[in-house]
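Each chain, letter by letter, is given below.
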Amino acid sequence: MSTFSGLNTAASALYASQRAIDITGQNVANANTDGYSRQRVDLQSIGGSVVPAVWSTSNEVGQGVNSDSVIRIRDAFLESQAQAQHATTANLTVQSATLKSVESSFQEPGSTGIQSMMTNMWSGWSDIANHPTDPGARAQLLQRSQTLVAGLHSVAGALNSEWSNTRDSLRTQLDDVNATAKSIADLNQAIKRATQAGKPSSELQDKRDVLILHLSESVGATSTPAGDGTLNVTVGGVTLVAGNSALQLSLSGTNDSATVSTDPPVIKTSPGGTAVQVGGTAQGRLASMKTLIPGYQDQLTAIAQQVATQVNAGHQAGFDVNGKPGEPMFDDGSGNVPVTVNTITAGNITLRITDPAKVAAAGVDPALIGGAVSADSNNADAMYQQRLLDTGADAVYRKMIVALGVESATAASNLGTQTVVSSQVDSSRDAVAGVSIDEEMTNMLQFQHAYQAAGQLVSTINSMLDDLMNMVR
Amino acid sequence: MRITQRSLALNSLRGLNGNLAAVSKLQNQLTSGKTISAPSDDPTGTNTSMLTRQGMAGNAQQARNISDGHTFLDSSDSALQNMLDQVRRVRDLAVQALNTGSSSSASNVAIATEVNGVRDSLIAQANQVVQGKPIFGGVTSGNQAYGLDGTYVGVGGANGVPVHPVTRRVSDVEAIRVDITGPEAFGDPQSGKDLFAVVANIASHVGDATLLTTDLSDLDNVINGMTKAAADIGTRSARMDDAATVNSSQALALQAKLSDTEDVDLPKTIMELQMQQTGYQAALSVTAKSLQPTLVDFLK
């Protein structure tokens, strides 16, 4: 046994305590850094040689402590769970927000929505029924019908711009995704080099984890370790980042909400052009563009067609002030006769009749009353009663609004549940990887005392050596 | 589970945000006075609210129809009453003319002249116009029910044209007829025995007792018809009154229902707000206390 080996042991102890205090300092400094994982010095006692060799025997006392490795405390399982949960939360957030904004386009229930416009139009018919010969009542009906048309146009426009806004947001978002993927590839390269050089890269790894979590929220990315310190990032089964190379994502497909069914928006890799099943915010936006918004556009168009169908049919059954049969009230703006209902949309429905005299209020055919023009108002009353039809525009519209309310409320409640799940995973992650100030302070005291003890050890050995030297004098 | 300062802070923040969101929702309800600001707030309530609003609009329109119908019926009624008074005068004159012994030819002429005068007045009354429509003209688009010579020019009830009633929609399921055509009130012009023909006959038959007696019985028939028409109008007027009562009580019921569905229950919401605020303040004070101390505070 060497005379000075005790000093070596004490020196390793001093070094270990110092290093531990340094790491404590780093932890405290990053107590509030987003994505930081606490670090710990991995202390290993150095034992004596246990395998006897020629001319070498162990003195059976350990040789101090090894404090070379610093580990990063993080639970990989919780990280991958967080990626999945954050992606789901982001997806639901977008869908719920889209439905909320669709709801606000309709302004129901209230006195400014399409329902009250339809109600006003039907009331206009009843006013004509009271005063079939009064041009004022007829003009009022035409105005109210025009208001309904404008209301349908306005909601259709709001849905359309919601669609376009979603598409623009998705494009911008993909630019961000591409930049992030590039950063992750760069970090992979740096971490790989550090790992090969045996240098710690905890902070770089933290930064990479933050970026990957960002990608998870954005496009539902997941990560798998590749073995050399790098992480591969995959999105919907397609590898986005492998080692130090990253693919790009781009949005293709229609830029017009009317042609979604024939040319749906899709996210593809570039280069490669492989369609990617994204998750997260992008999934929510794609769902909004492919089903949510077009679904309500289709329903609104169905309502416009229903209005046109029932009003046209009703109006054509009547006779105007000149005793002529009524003309169709609404068309698609083309002015074609006969009116084809299938080409009418909520965006192009147009009031064809502008002359109050052409409003067909009378229900009695002039042929039945000896050629005289009838001033009865049976048809106007029949039009008024259309508001009560079980399958009429009013009922269809109301059904749609209620279904929208249910869908939006369900989405909001799903989002609420998912947010709780997601925040629980975040709490669990923080419980493992987060910095506890109390704990760090305890560690600090612990290592301070260890340092003091090791110092004491050095001075004791020193005085022992003094004593030894004095013996020879 | 390991608790760190950061997770404590984040959890507190989440809790505080939740509290504040609840306060904000209640505040929104109180300031707008409505519990439903979007369909998703209460889809079933939205359905009720939309149905009720539609019902209220229909109800308001029907209230207008009812008051309009009243005007029409009242005009018809008063026209008929006035005309009945005048027809009775004609009858008196005819009876006077029958007493041939006491009347001279000069007084016969005077009676004939007066009867003709009354006839003109009756025709003018029968052409009375309400809201641009001659009330006894059926569904004519013209502005007269009878020509100046007493021929019927309205549409419906004569000349082989059936009566097309003019109605007012007083509820979703009921429409009340508000008019009565000239032929219905004054007799069929084709028989030559309607009011104006009979009165003309009386004027020309003054002095001829036999013919005048026939005319007098014709006139009694016409008077019966007119009285019946007036009674008919009266009955419909009563139906209109009933409809108005039903309508206004329905308006109240609908308003109450809408208010029930949409409006904020003030005491309840204010209580909830108070509770939420108390909770929020408690959360704030607890957060302030729990976030402050760490071991650092106690190390020397």
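### A closer look at the overall build of chain A
Along chain A, the regular secondary structure elements total nine helices and ten strands. By its C-alpha atoms, chain A is 150 × 45 × 30 Å across when sized along the principal axes. Within the span of chain A, comprising 473 residues, buried residues form 43% of the whole.

### Some details on the overall build of chain B
Secondary structure summary: chain B contains seven helices and four strands in total. When the elements of chain B are put in sequence order from the N terminus, they spell out α-α-α-β-β-β-β-α-α-α-α. For 300 residues, the compact-globule estimate of 2.2 N^0.38 gives 19 Å, and chain B exceeds it by more than 25% at 38 Å. Classification of the 300 residues of chain B by burial places 35% in the buried group. Excluding contacts between residues fewer than 6 apart, the proportion of contacts in chain B whose partners are at least 24 apart in sequence is 71%.

### Describing the sheet that holds strand E3 (residues 221-225) of chain A
By definition, the strands of a sheet pair up through backbone hydrogen bonds, in either a parallel or an antiparallel sense. All names here are of chain A. Spatially, four strands are ordered E3-E4-E5-E6 in an open sheet, and the strand pairing comes out antiparallel. Edge positions in the sheet fall to E3 and strand E6 (245-246), since each has one partner strand and no second. Summarising the sheet, E3 and strand E4 (residues 231-235) pair through five bridges and their orientation is antiparallel. Looking at E4, one finds that Ser223 is bridged to Val233. Packed onto the sheet, helix H5 (residues 202-219) meets E3 and E4 and runs at close to 145 degrees relative to E3.

### Quick look at unusual backbone geometry
Residue Pro271(A) is bonded to the preceding Ser270(A) through a cis peptide linkage, with omega at 0 degrees. If you trace the backbone, Pro271(A) turns up in the loop between strand E8 (266-270) and helix H6 (280-316). With an omega dihedral of -5 degrees, the bond running from Val337(A) to Pro338(A) counts as a cis peptide bond. With a phi close to 50 degrees, Gln131(B) is a non-glycine residue in the positive phi region. Mapping Gln131(B) onto the fold places it in the loop between strand E1 (129-130) and strand E2 (133-134).

### Remarks on the packing of helix H2 (residues 76-106) of chain A against helix H4 (residues 135-196) of chain A
All names here are of chain A. Across the interface, H2 lies against H4 with an axial gap of 9 Å and an inter-helix angle of 160 degrees. Here H4 runs roughly antiparallel to H2, going by the angle between their axes. Note that H2 runs across H4; the crossing there is right-handed. From H2, Thr98, Ser101, Val102, Ser105 and Phe106 reach across to H4, where they touch Val155, Ala158, Leu159, Glu162 and Thr166. Residues that form the contact of H2 with H4 fall into these classes: five nonpolar, four polar and one charged.

### Overview of the nonpolar core
Ranked by size, the top nonpolar core spans 135 residues in total, and within it Leu152(A) and Ile202(B) carry the most contacts. Ranked by residues supplied to this core, first place goes to H4(A) with 17 residues. Residues from two domains meet in this core; each of domain 2 (79-107 + 159-295) and domain 3 (114-156 + 311-402) of chain A gives at least three. When sequence neighbours within four positions are dropped, the list of residues in contact with Ile202(B) reads Val90(B), Ala94(B), Val115(B), Leu212(B), Asp215(B) and Leu219(B). Of all hydrophobic cores here, the second largest spans ten residues; its members include Ala13(A), Ala16(A), Ile23(A) and Val65(A).

### Some thoughts on the interface of chain B and chain A
Taken residue by residue, the interface counts 44 residues in chain B and 49 residues in chain A. The residue inventory of the side of chain B that touches chain A, partitioned by class, reads 16 nonpolar, 19 polar and nine charged.

### Points about the environment of Gln115(A)
Locating Gln115(A) in the fold gives a position in helix H3 (residues 114-130). The exposure class of Gln115(A) is buried, given the 26 C-beta atoms found within 10 Å. Note: C-alpha distance between Gln115(A) and Tyr397(A) (282 residues apart in sequence) is 7.4 Å. Setting aside residues no more than four positions away along its own chain, Gln115(A) makes contact with Glu108(A), Asp394(A), Tyr397(A), Arg398(A), Met50(B), Arg53(B) and Gln54(B).

### What to know about the confidence of the model for chain B
Residue-level pLDDT values for chain B average 89, and 99% of them are 70 or greater. If you check the scores for this complex, the pTM reads 0.85 and the ipTM reads 0.86.

### Some words on the pairing of E4(A)
Residue and element names in this part refer to chain A. Only one face of E4 is buried, namely the one carrying Leu231, Val233 and Val235, since none of Asn232 and Thr234 on the opposite face is buried. Hairpin connection from E3 to E4: five residues lie between these consecutive antiparallel strands, with Gly227 at a positive phi of about 105 degrees. Where E4 meets strand E5 (residues 238-242), three bridges bridge the pair, whose relative direction is antiparallel. Within the sheet, the bridge partner assigned to Val235 lies in E5 and is Val238. What sits between E4 and E5 in their antiparallel hairpin is a turn of two residues, with Gly236 showing a positive phi close to 55 degrees.

### Points about the confidence of the model for chain A
Mean pLDDT over chain A stands at 91; residues scoring 70 or higher make up 97%. Confidence, read as mean pLDDT per element, is least for strand E2 (residues 64-72) of chain A in chain A (88) and greatest for H4(A) (95).

### Some points on the domain arrangement of chain A
For chain A, the assigned domains read domain 1 (5-73 + 437-472), domain 2 (79-107 + 159-295) and domain 3 (114-156 + 311-402). Each of domain 2 of chain A and domain 3 of chain A was reduced to a C-alpha centroid, and the two centroids are 50 Å apart.

### Focus on H5(A)
All names here are of chain A. With 18 residues, H5 extends 25 Å between its outermost C-alpha atoms, agreeing within 8% with the 26 Å of an ideal straight helix rising 1.5 Å per residue. Within H5, 13 of the 18 residues are buried, leaving the element largely enclosed by the surrounding structure. A positive backbone phi angle near 75 degrees is found at Gly220, which sits one or two residues after H5.

### A look at the packing of H5(A) against H6(A)
Residues and elements named next belong to chain A. Relative to each other, H5 and H6 sit at 10 degrees, their axes nearing to 2 Å. Taken together, the axes of H5 and H6 lie roughly parallel to each other. Between H5 and H6, the residues in contact are Ser216, Glu217, Ser218 and Val219 and Gly280, Thr281 and Ala282, respectively.

Definitions and limits used
Residues numbered from 1 in each chain as written. Chains lettered and ligands numbered in written order. Predicted model: local features only at pLDDT ≥ 70, side-chain atom pairs only at ≥ 80, totals over all residues. Helix = DSSP H or I, 4+ residues; strand = E, 2+ residues; numbered from the N terminus. Buried ≥ 20, exposed ≤ 12 C-beta atoms within 10 Å, placed from the backbone. Rg over C-alpha atoms; globule rule 2.2 N^0.38 Å. Contact = placed C-beta atoms within 7 Å. Pairing = 2+ DSSP bridges. Axes fitted to C-alpha atoms, helices over the stretch in contact; angles between N-to-C directions. Parallel < 35°, antiparallel > 145°, perpendicular 65-115°, else oblique. Left-handed = near helix turned anticlockwise from the far one by under 90°. Nonpolar A, V, L, I, M, F, W, Y, C, P; charged D, E, K, R; others polar. Core = buried A, V, L, I, M, F, W, Y, C linked by C-beta atoms within 7 Å. Domains from an automatic or database assignment. pLDDT = per-residue confidence, 0-100. Expected span 1.5 Å × (residues − 1).

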